[in-house]
Structures are given as C-alpha cells and as structure tokens.
Amino acid sequence: MAHVSESKKACAVNPLKMSQPLGASYAFMGLQSCMPVMHGSQGCTSFGLVLLVRHFKEAIPLQTTAMNEVTTILGGYENIEKAILNIRQRAKPQLIAICSTGLTETKGDDVDAYIELARQKHPELADTEIVYVSTPDYVGAFQDGWAHAVTALVKNLPEAGRPTVAGRVAVLPGAHLTPGDLEELREIVESFGLTPLIAPDVSGSLDGHIPDDWLGTTLGGTPLADLKALGTAEHCLALGEQMREAAETLQARCGVPFTLFDRLTGLTATDALMQCLSELSGRPVPAKWRRQRSQLVDAMLDGHFHFGNKRVALGAEPDLLWDAGSFLAEMGVELSVCVTTTQSPVLARLPANEVVIGDLEDLELAAKAAGCDVLITHAHGRQASERLGLPLFRLGIPMFDRIGNAHICHVGYRGTRNFVYELGNLFIDLIHHHHADDWPLPALSLAAAQGQVAAAMPGVAHVSAQIPRARPADAAV
C-alpha cells in the first residue's frame, strides 16, 4: 500500500500533467466523422493541436470557438453558434463534440442551453449530433478529460431499449492505451468469435495510415452507428479505473453489465482478460494466445535477472502508472519514486512506499535522492535525464522525439513481452563493461612494461625470458 501525497509547491516547475480539455479532445478524435471543438481562446486549442501533431506526426482536426475578451465577458453563445454552423457547412461531420476550457468555465457559460437554442434557431442542425462535456483545465488532468468525454458520449448517444445482439461486446478503453494497444485488443476479442464495439477507437483514426481522400474531420474511429448501438452489447469491458463511471452510466442507461480491468499489462492481468472472454464466448482460449503466453513466461524468465533490484523513478497518469508500475514490481523492480498527475483509487494500491501528485521536478529531485537507475516518463523528462545522467525510458503522451508512437503495444501477452524486451535491453546497457583503465598497473609495472632499465629500479627482480623445463628427478623431489 502506498501513501498518496500532494506536492505543496506554489506552482508546477516542470509540468508532468496535461489538461482535461486536451484529454477530452483526444477521446473525440477516436470517433469517425467527428469534429472536436474547444470552447475557449485560440491559444488553448493551438497548444493541444501542436502537442498531438508532434506526438502522432499526423494531421489533427481540432477547432475552436475563438473566445476573446469581449465575448468572454458577454457570453459565448454567438461564438458557439457560428462555430457549429461553419463546421457543419464546411466539414460536414456527423458529430460535433465540444469541450470547455478554464476560460469559459470561469465565466460560467451554459453550453447545453446554447446548443439547445442553436438547434431551435437552425433546424438544419437536426442531421448533426452535438455533444458537450465540461472539462475545466484548472482541475483534474488528461485522463480525467478523456473519462468525462466518454461518459458524456455514453450518456447521450446510445439508444436505450434496443434488443441485445449475441456476441457483441462494448469496449471502453482508457486514455493510457495507445492505438497499437487497441489493435491488439481488437484482435484478441475477435479471436473468441465476439464483435467488439470500441469507443473511442483511436486505432482507426490515429494509427498512422494515409487515407485515399482528405477530409476535414477525423478519419476512421468509432462510427456514430456503433456509438448508438453500445446499448445492444451483451457485456461491457471497461479498461482502466478511469472508465468505471462510463461503464456504470452505460449499465444504468441500457442495462449492459460490465467488467472492469484496471490493467492489461502483465501475465496475471492478461490471464484474467482471456478467462473473461472465454466465459463470455463459451469458447476455449485459442492456441495462438496459449503460445504467446508461453513466450511471455520465457521472456520474463530471461529478463528477471536484469530487472531484479533495479530502482526506477516512474512518472505518468494514474492508470498508466498503475499498469506499468504493477508489472515492474512483479518483475522485481523497486518503485523508488512514483509521481502522477491526479487522484485515483488505484494509487493507494501501488506497490510503492509513496505516490506524489506533482510535477517532473518532484520526479527529478526524488530520483536523485533515491539513487535511481532509470527514469520512466514521457518526452518532457529528457532534460531531467540529462542532468541526472540517467537513461530515459519514454512512456505515455507526449513523445515528440520518437516516431512510431501510434504502434507501441504494451498490453496482452505480446505487448507485455515487448515491454520486457524494451526495458530489459535498457537495463542491460547499464551493465558496466570492464576495460584496461579499470585495473591500473602500479608505477613499477608500467616502467617495466615500457622497457626501462631494471638497475634504475631497485627491488625489482629480473625474470629470464627462458624458463628451463624441469627434469624428471627434480620433479620427483
């Protein structure tokens, strides 16, 4: 059990967390033919846009209501109305998803009322779904925004009363899962003969593909029809503690029971997923996954020599911290420093002495005091890594100094094996390899090696280059 504390500094020196509106916008980008909109100033949207573009190396559709000083004071209805009408006319999305920012939350804009008024004044908006979620960026963090966005989708879009479809499974993934993770999970679920409805599905929109046609909206992701059909699922899989509220909302609205998996990295965690899918489908676990399980066990056996007693400093969002930290502890790693961004029930269960809700400066100072071997956090930890002289294992969003971020997979048997290999090889690089300077010769030995005269070095014995063979008689004696 870990003690959860909060940093009491006056401000964040080197921020670890990202804002709720960015997390919500990221969730909306996992929906097909959607236009995410930040209700706030242009700067708020520009920051999030640049961050996601640098991480995924893809075009990111993200719009703004462009609030200024006057509209903020007088109210943002006109800006929202213009934004909705312009987006519908130019991009023609099936869904417009609006999230608030600290600016409009402080003002107190009633966005739900604004949307209702706009629909009354403009009947042509009837063919476009509009969803709003409150995400003030002065509280919470990235995964909170994602969770609130998914909850808003589940609260507004699924159609209650529709009959259940056999073999259909709703999957509500957390913000800590990459597009590569979701691709792996889709393959796992489908291998049991089940049909997954993943919402949101960033593996379809941000997986790094080149589309045939350019559109101003999101490309790929969960179709609107699937969002409306979530209530027809036999069961719901909620992936991450942050998805509990969304799963409970779906259950209350449409009667869909759910199972929550707080992590999917590790042997026992993946075993639990396989067992659940086997029970839902009535089928045995396919031979492919049994083979991969055997490979993971062998990888863990090969790697535990290098993981044991290593000290790491881990900084990430709560669900990602729990996911990675729990597995590292199972491999024998000591979680010397754990820093996260916001409160979560999983933090107290982490196998560490303390979890600090703080920033990257807290991570750096604590890692130095604890004598850690490796830093594990996103790309903003690179300066701390350089100052401490420690390697940085990049994990989470953003990673703007690497390519292929959309295809990182650390879930399931195969993804966990990847995690073992990637981090294990980094630990192997820490092993000191000896060379000549590790065993310095004494001064007299160096002088002898350099051919200096033995007479100038009293007390040094001269050994003849010729060593005679011992005679049999001498050997017997």
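For the structure itself, consult the block above.
Residues numbered from 1 in each chain as written. Predicted model: local features only at pLDDT ≥ 70, side-chain atom pairs only at ≥ 80, totals over all residues. Heavy atoms only, no water.

Caption draft 1: Fine view of the environment of Tyr-421. One can find Tyr-421 in helix α17 (residues 412–429). In this structure the C-alpha to C-alpha distance between Tyr-421 and Ala-348, which are 73 residues apart in sequence, comes to 28 Å. (Helix = DSSP H or I, 4+ residues; strand = E, 2+ residues; numbered from the N terminus.)

Caption draft 2: Spatial organisation of the packing of helix α12 (residues 267–281) against α17. The geometry of α12 relative to α17 is characterised by a closest axis approach of 9 Å and an angle of 170° between their N-to-C directions. Judged by the inter-axis angle, α12 sits roughly antiparallel to α17. Where α12 approaches α17, its residues Leu-267, Thr-270, Asp-271 and Met-274 are matched on the opposing element by Gly-412, Tyr-413 and Thr-416. Residues belonging to the contact of α12 with α17 are distributed by class as follows: three nonpolar, three polar and one charged. (Axes fitted to C-alpha atoms, helices over the stretch in contact; angles between N-to-C directions. Parallel < 35°, antiparallel > 145°, perpendicular 65-115°, else oblique. Contact = heavy atoms within 4.5 Å. Nonpolar A, V, L, I, M, F, W, Y, C, P; charged D, E, K, R; others polar.)

Caption draft 3: Spotlight on the environment of Ala-299. Positionally, Ala-299 belongs in helix α13 (residues 287–307). Ignoring any residue separated from it by four or fewer positions in sequence, one finds Ala-299 in contact with Arg-417, Val-420 and Tyr-421.

Caption draft 4: Focus on the packing of aromatic side chains. Per the stated rule, a full pass over the model turns up seven aromatic pairs. Ring plane angle 85° and centroid distance 5.1 Å describe the contact between Phe-307 and Phe-427, whose orientation is recorded as edge-to-face. Of the two residues, Phe-307 is situated in helix α13 and Phe-427 in helix α17; the sequence distance between them amounts to 120 residues. Each member of the pair Phe-307 and Phe-427 is classed as buried. Ring centres of Phe-327 and Phe-419 lie 6.0 Å apart, and the angle between their planes is 35°; this geometry places the pair in the tilted category. With Phe-327 in helix α14 (residues 318–330) and Phe-419 in helix α17, this pair connects stretches of sequence that are 92 residues apart. Pairwise contacts between aromatic rings join Tyr-26, Phe-56, Phe-142 and Trp-146 into one cluster. The ring of Phe-427 carries the charged tip of Lys-310 above its face, separated from the ring centre by 5.6 Å. (Phe/Tyr/Trp six-rings, centres within 6.5 Å; stacked < 30°, edge-to-face > 60°. Buried < 20%, exposed > 50% of the residue type's maximum accessible area, 1.4 Å probe, protein only. Lys NZ or Arg CZ within 6 Å of the ring centre and 35° of its normal.)

Caption draft 5: Main features of unusual backbone geometry. Along the chain, Ala-199 connects to Pro-200 via a cis peptide bond; the corresponding omega equals -5°. The topology assignment puts Pro-200 in the loop between β7 (195–198) and α9 (202–205). The backbone phi angle of Lys-57 is positive, close to 55°, even though this residue is not glycine. Summarising the element assignment, Lys-57 is placed in the loop between α2 (42–56) and β3 (63–64).

Caption draft 6: Spatial organisation of α13. With 21 residues, α13 extends 29 Å between its outermost C-alpha atoms, agreeing within 8% with the 30 Å of an ideal straight helix rising 1.5 Å per residue. Among all positions of α13, only Trp-289, Gln-292, Leu-296, Ala-299, Met-300, Gly-303 and Phe-307 are buried. A positive backbone phi angle near 70° is found at Asn-309, which sits one or two residues after α13. (Expected span 1.5 Å × (residues − 1).)

Caption draft 7: Representation of a nonpolar patch on the surface in the model. A cluster of nonpolar side chains, namely Val-70, Ile-73 and Leu-74, defines an oily patch on the protein surface of about 350 Å² accessible area. Owing to a relative accessible area of 63%, Ile-73 belongs among the exposed residues under this scheme. (Patch = residues over 30% accessible without salt bridge, like charges linked within 9 Å, V, L, I, M, F, W, Y side chains within 5 Å. Areas by Shrake-Rupley, 256 points an atom, 1.4 Å probe, with all protein chains shown as cover. Salt bridge = Lys/Arg side-chain N within 4 Å of Asp/Glu carboxyl O.)

Caption draft 8: Highlighting the nonpolar core. Core analysis: the largest hydrophobic core is formed by 107 residues, its most contacted members being Tyr-26, Phe-28, Leu-237, Leu-328 and Ile-376. Looking at which element gives the most residues to this core, the answer is helix α7 (residues 142–156), with eight residues. Look past the residues within four positions of Leu-328 in its chain and what remains in contact with it is Phe-307, Val-312, Val-333, Leu-335, Ile-376, Phe-419 and Leu-423. Formed by 15 residues, the second largest nonpolar core is a distinct cluster that contains Met-35, Val-37, Ile-80 and Ile-98. (Core = buried A, V, L, I, M, F, W, Y, C linked by side-chain atoms within 4.5 Å.)

Caption draft 9: Molecular detail of the pattern of salt bridges. Under the criterion given, the structure shown has 19 salt bridges. One salt bridge connects Glu-81 with Lys-121, and the closest N-O pair in it is separated by 3.2 Å. You can see Glu-81 sitting in helix α4 (residues 77–90) and its partner Lys-121 sitting in helix α6 (residues 111–121), a full 40 residues away along the chain. Taking relative accessible area as the criterion, Glu-81 reaches 11% and is therefore assigned buried. Glu-241 is paired through a salt bridge with Arg-244; the nearest N and O atoms lie 2.7 Å apart. Look at the salt bridges and you will find they share partners, linking Lys-9, Asp-359, Glu-361 and Asp-362 into a network.

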